[in-house]
Amino acid sequence: MVWISRMCWRKYGNFVDNLRLYVRGGSGGMGLPRLGGQGGKGGDVWVVAQKEMTLKRVKDKYPQKRFIAGVGTNSSVRALRGQKGEDQEVLAPPGITVTNDDGMVLGKLNTEGDRVLVARGGQGGSYHSEFLPSKGQTRQIRLDLKLIADLGLVGFPNAGKSSLLTALSHAKPQIASYAFTTLRPEIGKVMYEDHKQISVADLPGLIEGAHMNRGMGHQFLKHVERTRQLLFVVDVCGFQLASKTPFRSAFEAVQLLIKELELYKEDLPCKPAVLVVNKMDLPDAEDKLAELQEQLLNPHEFSHLLPDDMLPKNNMVFRHVVPISAATGFGIAHLKTCIRQSLDKDASMATDSLHRDRLQALRGAVPAKNTLTWGPTASV
């Protein structure tokens, strides 16, 4: 039996995936000139990853969004070296990238317990500073959350991503015939009989022009960066976002999705991917699927279907193309197997690569044996 549990962000209100904070390291303590005492260093400000934390909690708990570390103690007759000021920790969820206002990356929090120093405390007063302390570092920083998941669902609105998760999990996300029903990311855990768990990120639907921040735009695409693989979901009969927008076939939808990922970040389409062809319960679905499969095998022959500026630079080869019907459950079991095979393949390749690197490192660490000739040298 395979099942999926869902962790929904609605529990904490509206989903927050970026936050701007003011941080300041503590000032150093005063030195003691007559005895040469040194003041304590000011405390530092750290951003620390904690699994159960969310940016929404940080925002609610610290509405002023100010984090200031403690001041170092002054040098005194009783304690010539002052004590360091207390550090200040900003707890944040894993998946955070910490940047300053100029966009420079200060560090990343990938796993629980990771720490990033964002504001150093000032030095205590000493002989070299005429016993005057320095102030702590002051910064405006940004915490930008990019969800970490094994799989990220990629598809245009109404492709059936939420329905697919319902079929996998028997959960009840919001599903309707109108375009936008998923408005915030959710993460689910697929658990297999051998206790293997696979995390799936259900992300808001893309629209054409998402790379230019149209619709959900960058709010969606940045989360795709941190997923290990992609799960494309398309409607076998194609889709039309609105009456004034052109109708797109399943093949065109695939090409446009690849293009949007490529324009946002060129290496995104290099991720391993599985293509899910949904709504196989609709009339003429089998004929549409056969047409799509032929087009995927010979994409250059059908490039005329889209303008040149909408064609991806490189074709994407999917590890599996899986027809399903999320409404009836057709193909769901096979899809679960394909997902597992694809992720296991990457894990095996990563293990083999690690073993090769370690073996190469060991070989490099062993000095080559010199060939020595003992006894008299033979005459030429």
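Quick caveat, the model's predicted, so the values are computed rather than measured.

(A) Representation of the sheet that holds strand E6 (residues 96–100) within the structure. With mixed pairing, 5 strands are arranged side by side in an open sheet as E4-E2-E9-E6-E7. Strand pairing shows two members of the sheet lacking a second neighbour, strand E4 (66–68) and strand E7 (105–109), which therefore form its edges. The sheet shows a mean angle of 25° between the axes of neighbouring strands, taken without regard to direction. Here E6 runs beside E7; their pairing, made up of 4 bridges, is antiparallel. Looking across to E7, one finds that Val-98 is bridged to Gly-107.

(B) Highlighting the sheet that holds strand E3 (residues 45–49). Spatially, E5-E3-E8 is the arrangement adopted by the 3 strands of the open sheet, whose pairing is mixed. On the outer flanks of this sheet lie strand E5 (88–92) and strand E8 (115–119), each paired with one strand and no other. When strand polarity is set aside, the average angle formed by the axes of neighbouring strands in this sheet is 25°.

(C) Inspection of helix H5 (residues 285–297) at higher detail. Spanning 13 residues, H5 covers 18 Å between terminal C-alpha atoms, matching the ideal 18 Å at 1.5 Å per step. Listed in full, the buried residues belonging to H5 are Ala-285, Leu-289, Leu-292 and Gln-295. Taken down its axis, H5 places every buried residue within 125° of arc, on the same side. Away from the buried face of H5 by more than 90 degrees, exposed residues Glu-286, Asp-287 and Leu-297 are located.

(D) Inspection of the environment of Asp-202 at higher detail. Of note, Asp-202 is situated in strand E12 (residues 197–202). A sequence separation of 53 residues divides Asp-202 from Ala-149, and the C-alpha atoms of the two residues are 9.8 Å apart.

(E) Representation of a nonpolar patch on the surface in the model. Taken together, the side chains of Leu-35, Val-77 and Leu-80 present a nonpolar region at the surface, about 260 Å² in accessible area. With respect to the element layout, Leu-35 can be found in the loop between strand E2 (18–24) and E3. A relative accessible area of 41% places Leu-35 in the partly exposed class.

(F) Broad picture of the pairing of strand E10 (residues 149–154). Among the 6 residues that make up E10, 6 are buried, leaving the element largely enclosed by the rest of the structure. Sheet topology places E10 next to E12; 2 bridges connect them, and they run parallel. Bridged to Gly-152 within E12 is Ala-201.

(G) Seen up close, the pattern of salt bridges. The full count for this structure, using the stated rule, is 15 salt bridges. Lys-259 is the salt-bridge partner of Glu-262, the closest N and O atoms lying 3.4 Å from each other. One end of the pair is Glu-262 and the other is Lys-259, both in helix H4 (residues 250–264) and 3 residues apart, which spans about a single turn. Salt-bridge contacts for Asp-346 lead to Arg-319; the nearest nitrogen and oxygen are separated by 2.6 Å. Of the two residues, Asp-346 is situated in helix H6 (residues 332–365) and Arg-319 in the loop between H5 and strand E15 (320–323); the sequence distance between them amounts to 27 residues. Exposure remark for Arg-319: the relative accessible area of 27% places this residue in the partly exposed category. The network of salt bridges with common partners includes Lys-41, Asp-44, Lys-84 and Asp-87.

Reading the values: rules and limits
Residues numbered from 1 in each chain as written. Predicted model: local features only at pLDDT ≥ 70, side-chain atom pairs only at ≥ 80, totals over all residues. Heavy atoms only, no water. Pairing = 2+ DSSP bridges. Helix = DSSP H or I, 4+ residues; strand = E, 2+ residues; numbered from the N terminus. Axes fitted to C-alpha atoms, helices over the stretch in contact; angles between N-to-C directions. Expected span 1.5 Å × (residues − 1). Buried < 20%, exposed > 50% of the residue type's maximum accessible area, 1.4 Å probe, protein only. Arc of directions from axis to C-beta. Patch = residues over 30% accessible without salt bridge, like charges linked within 9 Å, V, L, I, M, F, W, Y side chains within 5 Å. Areas by Shrake-Rupley, 256 points an atom, 1.4 Å probe, with all protein chains shown as cover. Salt bridge = Lys/Arg side-chain N within 4 Å of Asp/Glu carboxyl O.

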